[in-house]
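# Examination of the molecular architecture
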Amino acid sequence: MSEHEGAAERVNELVDLINTHRRAYYEGNTVLVSDAEYDALLQELESLEGKYPELITGDSPTQTVGGSANVAFSPVTHLERMMSLDNAFSAEELKAWATKVGNVKFLCELKIDGLAINLRYENGNLVSAATRGDGVVGEDVTANVLTIKSIPRKLTGEGIPPVVEIRGEIFFGLEDFAKLNESLIADGKAPFANPRNSASGSLRQKDPKVTATRPLQMLVHGIGAWQNAPLANQSELYGLLASWGLPTSNRVRVVETIEEVIEYVEDLQAQRHSLQHEIDGVVVKVDSLNEQRELGFTSRAPRWAIAYKYPPEQVNTKLLDIRVSVGRTGRATPYAVVEPVKVAGSVIEFATLHNQDVVKAKGVLIGDTIVIRKAGDVIPEILGPVIELRTGSERAFVMPKNCPDCGAELRSMSEGDIDLRCPNAESCPAQLRERVAHIGSRGVLDIEALGEVTAVELCKDLLKSESELFALTMEQLLTVDYFKKKDGTPAEVSLKLLKNLDDAKTRPLWRILVALNIRHVGPVAARSLANHFGSIDAIFAANESELSEVDGVGAILAQSLKEWIQVDWHQRIVDRWRECGVAMATEGFAGPGGAEGVFSGKTIVVTGTLVEMTREQAEEEIISRGGKASGSVSKNTSFVVAGPGAGSKLAKAETLGLEVIDEAEFIKRLG
């Protein structure tokens, strides 16, 4: 195998792993690997993609911000994209970053372990509140945010712009979190694992009355869209936001040297357990807003800010067993079962071990006392055994030769692949239930009644393939004990699942594409494919060259698409879903290969706030009339539709001399 082929295989593996961990963290409030391990995977991927840029795929985590919008909540398109932050783990890395940004003043603030929120104020009134989502589109949680006392419904004071986005972190105070868990336990309910999960779960309640009972708080950490903000510094901005009635931190400090930054980091690390809320580090920013603009952004993070992550906490516990689970791609993953132990605010019972080589490298035996840590106050990781405490009764882990679920012989699927996989992709119960759970997950079809437990029960007897998911009937569901024992009558529970499935049939085409479980096809690539081709049939009819030319796709993903559809049972899924009424095309699509429309051959960017329609609806109108809806302005842009609050995209369009129209003119052109 050549060096390039080896790199391509490793990139494929890393993309799969990181996106799996992202979905668990952002969409399921679940953590699968250590924060440090996740960061190491991301750093390795960035290094390989830097060396081999042709391997970058549309679903690569280096090209996107983690998470997605929940269909249960209305989508909200942020006026300015919500970015992630790059990380530093040592003083040396902080100094290296400081060298890149130059001779500047630094603003230091706490990195609160909570849930990012984007508040949009128009003429001083709070008109929407949205979660981060994928950075472009978030979940509309306005009704729930209105119950949080510290967030003003109306800004007061002077200098309030017509439209402004306020970014902050919603969190639980530690005392409030402890009281909440005490009340849950008293009511016979399961407590939350940690304050972050409780904040996320509380904010995403479908009934705002429930959110109102949870003492959530918010602190502001920046702004999004604000056209021509008349400010010089981030610290000055915080003072202005506080004067409008917004909650800001009193622990922000502006310093002139990186040595003072490091001193701030060390001071807060010593105080971290005496703070009112959990933190997992410190955020350092360039204070000057003009210098921020000059430094700009990478594809996912600002160059003018960095997050310093504190070292994780460690505890000792017993390694009770090592078991193996099989995921939706067939990968067999050992995981540790440990004696429950509380660390960094939550109880740990499991930790991933990735593969048999990792188990060997860590040198752990079943029965060992082990050192376990939670990096970033989030995710458990086994560091190694305490050899001095061994009694002689410990035993080595032996990787099974056969799949624990279907009995198929585990094997490496390619030369040099250290992971073992179950080759029985179609019929392996473990792979099937993981694929079905993935279909129902928030970032895919968001089928409320189809969680992991339901997926397990459906795959025991009813489903032998996901092809039959949308063909389920009431009679079939009522034969399953699980539905008989659920709260409510069996008929009510079954009807809910059937209704959810029926609703899911009309999800946007890109979500249907992600639901097919095609390797590498994540939301970003799926959106591009859906916008370009308009139907499943057109996508699979295209050759690899045509697929590769689509923004965010590339050669690896194109090959994956062609290989997937050539498998008989994959084709049966598409055919059966179509028979059951699943929408396999965008209604009214008139893009490439379709009928001519008023926007045929045009690339159009929509930015700012629209009144008569959402930005997503405007983009659908563009696509349905033969045009391409783009998220970025370039010299190839035909024209820009700009509403109030349009920021950097409008400025770039004006710099390039592009045509800019308002919503009224856009509606007129729709005909």
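Structural notes, computed from the coordinates.

Parameters at a glance
- Per-chain numbering applies: the sequence of each chain, read as written, is numbered from 1 onward.
- With pLDDT at 70 or above as the cut-off, local features in this predicted model cover only qualifying residues; side-chain atom pairs require 80 or more to be listed or tallied, and sums for whole chains, interfaces and linings still use all residues.
- No hydrogens and no water enter the side-chain calculation; it runs on all heavy atoms of the structure.
- Patch membership requires over 30% relative accessible area and the absence of a salt bridge. Like charges are linked within 9 Å, and nonpolar side chains (Val, Leu, Ile, Met, Phe, Trp, Tyr) within 5 Å.
- Here, Shrake-Rupley sampling with a 1.4 Å probe gives the accessible areas, and only protein chains in the shown set may cover a residue.
- Each reported salt bridge corresponds to a side-chain nitrogen of Lys or Arg within 4 Å of a carboxyl oxygen of Asp or Glu.
- In this count, Lys and Arg are taken as positive residues and Asp and Glu as negative ones, while His and the chain termini are left out.
- Just so you know, the charge point we use is NZ for Lys, CZ for Arg, CG for Asp and CD for Glu.
- Helix and strand definitions here come from DSSP, where helices need a minimum of 4 consecutive H or I residues and strands a minimum of 2 consecutive E residues; each element is numbered from the N-terminal end.
- Burial classes follow relative accessibility: with a 1.4 Å probe on protein chains only, a residue under 20% of its type's maximum area counts as buried, one over 50% as exposed, and anything between as partly exposed.
- Residues count as neighbours in contact if any of their non-hydrogen atoms are within 4.5 Å of one another.
- The criterion for strand pairing is that DSSP finds at least two bridges linking the strands in question.
- Angles run from 0 to 180 degrees between N-to-C directions of axes, and those axes are lines fitted to C-alpha atoms, restricted for helices to the stretch in contact.
- Each helix crossing is assigned a hand: it is left-handed if the near helix lies turned anticlockwise from the far helix by less than a right angle, otherwise right-handed if that turn is clockwise.
- In this classification, the charged set is Asp, Glu, Lys and Arg, the nonpolar set is Ala, Val, Leu, Ile, Met, Phe, Trp, Tyr, Cys and Pro, and all remaining amino acids, among them Gly, are polar.
- Here, nonpolar core means buried Ala, Val, Leu, Ile, Met, Phe, Trp, Tyr and Cys residues that are tied together by side-chain atoms lying within 4.5 Å of each other.

Turning our eyes to something else, we now look at a negative patch on the surface. On the surface, Glu256, Glu259, Glu260, Glu263, Glu266 and Asp267 cluster together into a patch of negative charge. Within the secondary structure, Glu256 sits in the loop between strand E9 (253-255) and helix H9 (258-271).

In this fold, Pro61 is placed in the loop between helix H2 (35-51) and strand E1 (75-77). Take Pro61: its relative accessible area is 0%, and that puts it in the buried class. In sequence terms Pro61 and Ser150 are 89 residues apart; their C-alpha atoms lie 34 Å from each other. In contact with Pro61, not counting residues within four places along its chain, are Val15, Ile18, Asn19, Arg22, Leu42, Leu45 and Arg300.

Our next topic: the sheet that holds strand E4 (residues 115-122). Taken in spatial order, the four strands make up an open sheet running E5-E4-E7-E8, and their pairing is antiparallel. Looking at strand neighbours, the two that pair on one side only are strand E5 (125-131) and strand E8 (216-223), the edges of this open sheet. Pairwise comparison of adjacent strand axes, ignoring direction, gives a mean angle of 35° for this sheet. For strand E7 (residues 163-172) and E8, the ladder comprises seven bridges, and the chain directions are antiparallel. Within E8, the residue paired with Phe171 across the bridge is Gln217. Contacting E4, E5, E7 and E8, helix H6 (residues 195-203) runs over the sheet at an angle of about 125° to E7. This element, helix H8 (residues 234-243), spans E7 and E8 of the sheet and lies at about 135° to E8.

This next bit is on helix H18 (residues 523-533). Among the residues of H18, those classed as buried are Ala525, Ala526, Ser528, Leu529, Ala530 and Phe533. Buried residues along H18 sit against helix H17 (509-515), helix H19 (536-541), helix H20 (544-548) and helix H21 (555-565). Two residues or fewer past H18, Gly534 is found with a positive phi of approximately 85°.

Before going further, it helps to examine the packing of helix H3 (residues 91-101) against H9. The interhelical angle for the contact between H3 and H9, taken along N-to-C directions, is 140°, at an axis separation of 10 Å. Here H3 runs over H9; the crossing is right-handed. Within the contact between the two elements, H3 uses Ala91, Leu94, Lys95 and Ala98 and H9 uses Ile258, Val261, Ile262 and Val265. Partitioned by chemical class, the residues of the contact of H3 with H9 number seven nonpolar, no polar and one charged.

Moving on: the nonpolar core. Among the nonpolar cores identified, the biggest contains 60 residues, and Leu469, Leu516 and Trp577 are the most heavily contacted of them. No other element matches H17, which puts six residues into this core. Setting aside anything within four residues of it in sequence, one finds Leu469 in contact with Val436, Ile439, Leu450, Leu458, Leu463 and Leu501. By size, the runner-up hydrophobic cluster in this structure holds 34 residues, among which are Ile151, Val220, Leu237 and Leu240.

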